[in-house]
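# A closer look at the structure
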Amino acid sequence: MSVTPASKPSFGMIGLGTMGRNLLLNMADHGFSVAGYDKDAAKIALLAKEGAGKPVAGFTDLATFVSGLQTPRAVMMLVPAGPIVDSVIAELQPLLAPGDIIIDGGNSHFTDTERRAKAVEAAGFHFFGMGVSGGEEGARFGPSMMPGGDKEAYRVMQPLFEAIAAQVEGQPCVTYIGPGAAGHFVKMVHNGIEYGLMQLIAETYAVLKTGLGMDNAAIGQVFTQWNEGRLQSFLLDITKDIFGFMAPGTNHLLLDDIKDEARSKGTGKWTSQVAMDLELPVPTIDTAVALRDLSKYKALREQLAGLYGPAAGKLPVERGAFLGQLEQAFYFSMVITYAQGMQLLSKASTDFSYELNLADIAKIWRGGCIIRSGFLGEIFNAYQHTPGLAHLLLDEQVQQLVNEAVPGSRAVVAAAATAGLALPGYMASLSYFDTFRTARMPSNLIQAQRDYFGAHTYELIGKEGVFHTQWTPEHEDAANKQQVQVQEHGADKEPVKPNS
Ligand code: 6PG
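Residues numbered from 1 in each chain as written. Predicted model: local features only at pLDDT ≥ 70, side-chain atom pairs only at ≥ 80, totals over all residues. Heavy atoms only, no water.

On to the overall build of the protein chain, then. Looking only at helices and strands, the protein chain features 20 helices and 14 strands. On the principal axes, the C-alpha backbone points of the protein chain span a range of 90 × 60 × 45 Å. Within the span of the protein chain, comprising 500 residues, buried residues form 49% of the whole. In the protein chain, the proportion of contacts linking residues at least 24 apart, taken out of those at least 6 apart, comes to 66%. On the protein chain, roughly 22900 Å² of surface is accessible, and the fraction owed to carbon and sulfur atoms is 55%. Between the averaged position of the 39 positive side-chain charges in the protein chain and that of its 52 negative side-chain charges there is a distance of 3 Å. (Helix = DSSP H or I, 4+ residues; strand = E, 2+ residues; numbered from the N terminus. Buried < 20%, exposed > 50% of the residue type's maximum accessible area, 1.4 Å probe, protein only. Contact = heavy atoms within 4.5 Å. Areas by Shrake-Rupley, 256 points an atom, 1.4 Å probe, with all protein chains shown as cover. Lys, Arg positive; Asp, Glu negative; His and termini not counted. Charge placed at Lys NZ, Arg CZ, Asp CG, Glu CD.)

Moving on, we get to the nonpolar core. Counting 89 residues, the largest nonpolar core has Phe 185, Leu 345 and Trp 365 as its most contacted members. Looking at which element gives the most residues to this core, the answer is helix 14 (residues 319-351), with 15 residues. In this structure Trp 365 touches Ser 144, Met 146, Val 186, His 190, Ile 193, Met 342, Leu 345, Ile 371, Arg 372 and Leu 376, once residues within four positions along its chain are discounted. The next biggest cluster of nonpolar side chains, apart from the first, holds 31 residues, and it includes Leu 23, Leu 24, Met 130 and Phe 161. (Core = buried A, V, L, I, M, F, W, Y, C linked by side-chain atoms within 4.5 Å.)

Next up on the list: empty space enclosed by the protein. For the coordinates displayed, the defined rule picks out two cavities of 30 Å³ or more. Quantified by volume, the largest cavity comes out at close to 50 Å³. Taken together, Leu 197, Ile 201, Leu 231, Ser 233, Phe 234, Leu 235, Phe 330, Met 334, Tyr 338, Ile 370, Ile 371 and Arg 372 make up the lining of the largest cavity. Going through the elements one at a time, helix 8 (182-211), helix 10 (234-242) and helix 14 are the ones with two or more residues in the lining of the largest cavity. Here the lining of the largest cavity takes three residues from helix 14, the largest share from any one element. Taken together, the residues that form the lining of the largest cavity break down as ten nonpolar, one polar and one charged. (1 Å grid on protein atoms, 1.4 Å probe; cavity = no way out; pocket = protein on both sides within 12 Å on 5 of 7 lines; lining within 4 Å. Points joined across faces, edges and corners; volume = space filled by probe spheres on them. Nonpolar A, V, L, I, M, F, W, Y, C, P; charged D, E, K, R; others polar.)

Right, let's get into the UniProt feature "active site" (unreviewed entry) in the protein chain. The UniProt record annotates "active site" (unreviewed entry) at Lys 187 and Glu 194. The annotated residues contributing to the lining of the second largest cavity are Lys 187. If you trace the backbone, Lys 187 turns up in helix 8. Setting aside its immediate chain neighbours within four residues, Lys 187 contacts Asn 107, Gly 131, Val 132, Ser 133 and Met 146. Side chain to side chain, Lys 187 and Asn 107 meet in a polar contact 2.9 Å long. Residue placement: Glu 194 occurs in helix 8. When sequence neighbours within four positions are dropped, the list of residues in contact with Glu 194 reads Leu 235, Ile 370 and Ile 371. (UniProt positions renumbered as here; feature names shortened; annotations may be inferred. Polar contact = N/O pair within 3.5 Å; in protein donor to acceptor, adjacent residues only side chain to side chain.)

Because side chains alternate across strand 4 (residues 56-59), one face comprises the buried residues Val 56 and Gly 58, and the other comprises Ala 57 and Phe 59, equally buried. Here strand 3 (residues 34-37) pairs with strand 4 via four bridges, running parallel. For Gly 36, the partnering residue across the bridge sits in strand 4 and is Gly 58. In terms of handedness, the path from strand 3 via helix 2 (residues 41-50) over to strand 4 forms a crossover that is right-handed. (Pairing = 2+ DSSP bridges. Right-handed = clockwise from strand over helix to strand, strands pointing away.)

Once that is clear, we can look at the packing of aromatic side chains. Taken as a whole, this structure holds 21 aromatic pairs when the rule is applied. With a centroid separation of 6.2 Å and an interplanar angle of 55°, the aromatic rings of Phe 59 and Phe 65 are classed as tilted. The burial state of Phe 59 is the same as that of Phe 65; both residues are buried. Cluster of aromatic residues (ring-pair linked, three or more members): Tyr 205, Phe 223, Trp 226, Phe 243 and Phe 330. Cation over ring: Arg 292 sits above Tyr 195, and NZ or CZ is 3.6 Å from the ring centre. Stacked on the ring of Phe 380, the Lys or Arg Arg 366 has its end atom at 5.3 Å from the ring centre. (Phe/Tyr/Trp six-rings, centres within 6.5 Å; stacked < 30°, edge-to-face > 60°. Lys NZ or Arg CZ within 6 Å of the ring centre and 35° of its normal.)

Inspection of the entire model under this criterion finds 21 salt bridges. Two residues, Arg 21 and Glu 50, come together in a salt bridge whose shortest N-O distance is 3.1 Å. Of this pair, Arg 21 sits in helix 1 (residues 18-29) while Glu 50 sits in helix 2; the two residues are 29 residues apart in sequence, bridging distant segments of the chain. For Glu 169, the salt bridge goes to Arg 366, with nearest N and O atoms at 3.5 Å. Taken together, the residues span a long stretch of sequence, with Glu 169 in the loop between strand 9 (167-168) and strand 10 (171-172) and Arg 366 in the loop between helix 15 (358-364) and helix 16 (375-385) at a distance of 197 residues. Exposure remark for Arg 366: the relative accessible area of 17% places this residue in the buried category. Here the salt bridges do not stand alone but share partners, grouping Asp 86, Asp 104, Asp 112, Arg 115 and Arg 116 into one network. (Salt bridge = Lys/Arg side-chain N within 4 Å of Asp/Glu carboxyl O.)

We now examine helix 7 (residues 151-164). Helix length check: helix 7 (14 residues) gives 19 Å between terminal C-alpha atoms against 20 Å at 1.5 Å per residue, within 8%. Largest kink in helix 7: about 55°, centred on Met 157, with the proline Pro 159 one to four residues after it. Considered for burial, the residues of helix 7 that qualify are Ala 153, Tyr 154, Met 157, Gln 158, Leu 160, Phe 161 and Ile 164. The secondary structure elements touched by the buried residues of helix 7 are strand 2 (11-14), helix 1, strand 5 (74-77), strand 6 (101-104), strand 7 (126-133) and strand 8 (144-149). A distance of 3.2 Å separates the backbone nitrogen of Glu 152 from a side-chain oxygen at the start of helix 7, and that oxygen is part of Asp 150. (Expected span 1.5 Å × (residues − 1). Bend = angle between axes of the 7 residues up to and from the residue.)

Glancing now at unusual backbone geometry. In this structure, the amide linkage connecting Thr 71 to the following residue, Pro 72, adopts the cis form with an omega of -10°. Here Pro 72 lies in the loop between helix 3 (62-67) and strand 5. Here the phi dihedral of Ala 455 falls at roughly 50°; this positive angle occurs in a residue that is not glycine. Positive phi outside glycine occurs at Thr 457, with the angle close to 75°. Inspection of the secondary structure puts Thr 457 in the loop between helix 19 (443-454) and strand 11 (458-460).

So, about a nonpolar patch on the surface. Judged by side-chain polarity, Tyr 297, Leu 300, Leu 304, Leu 307 and Tyr 308 come together as a nonpolar surface patch covering roughly 610 Å² of accessible area. Note on placement: Tyr 297 falls in the loop between helix 12 (283-295) and helix 13 (298-308). (Patch = residues over 30% accessible without salt bridge, like charges linked within 9 Å, V, L, I, M, F, W, Y side chains within 5 Å.)

Okay, structure coming up:
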């Protein structure tokens, strides 16, 4: 089945789910002649219906789809991350000619993108991975896009992607991110931040509903008001809409009928996994991932609620004043969530040589994507002002905002902890902040313990070297009690000489 436009399509999309279809329609709206391929004839029929009168063609046969494209061909895949991407590439390659471009626009793991880029380039084709954010609406009317890898190939595609991207202050929300899998890495961290922000909003819902005993209409009003102020964001915007959406044929919210078990496709977990590999803490994001997992243990939660009693009741607070503190607490935790994501990007940029420009990334996240918010303007300013900024919290303007908001965070976290209301994301954010501003942490004790039970060594204040001590009383002879310096840093090194 096919529907053909007047001129030869200059761009092809493989995978015509809502995202793929909407991106094609967006391109067609901007005057590009495009084609789509999907095995599913129903999706081609939908493309034909939605794209009626536009320069869009649809195909259920891959070879016909590919052979009809302008050369050099540009083909983008929007298929589920994982082995399907590999099988699509394998099917596609014999149909392409050297110099053609393959783009992976899905949420692929960045290590898969590294591997595929090498293999596809070795076969004579161009390949780049590109994160695409914004959901269905973004794809249709302007997403934020994060292309990385083959720069030459991106330059060929740049006019198309700039035309269809969301625009903020006349600037397209797309830019070349960096070499290798930089685009997919940045998209993954975007999603990690997304998980963190969503967890914070869900916790806010718990405070308003359980802690303050507010009904859905009043909760919706809070989110509406917040979204009109400095907290303005896409996620709050859709949240306020959710608080106005009735279950069809009823007079109650659809939200109240939805199971409290959160699912995920893995990008948040990948962010935490990579952050741990890079030894770069992102505890608010980790917490958000863990809490989605915890939510799935519904039966166990019910059992424990029965055994220990319900977790929380109303907070003993004055609602008006507390709402002000809650707004501060949310603002503070939101800043911390972005700060963790940005620091992870900065670390990955160094460790993986991604050459990331954090100001540019903040800039293209200001529109089109799921984590777009007013605060991204502040992040952009911070990294624009100091490109090598080691941490967002070091920025002077951010410092001021954080100092103003942190008392609210303390008040909310303290009240919730006392009442037994779970606010893990808020708490993780506050603890992260308080720990990061601790010049001397209690980690010296951890080092002592490690050395005690495993001779894992420790370092000393004001003295070069790595040391080991025999801590146990049964070896009390004088020589063994000596602190000894070991040759190299690392676990289980043999002491080489007594340290007098
Ligand atoms: C976006 C989103 C999108 C992601 C969904 C679902 O930027 O448009 O991040 O890419 O797939 O948010 O993610 P989970 O199923 O893991 O929640």
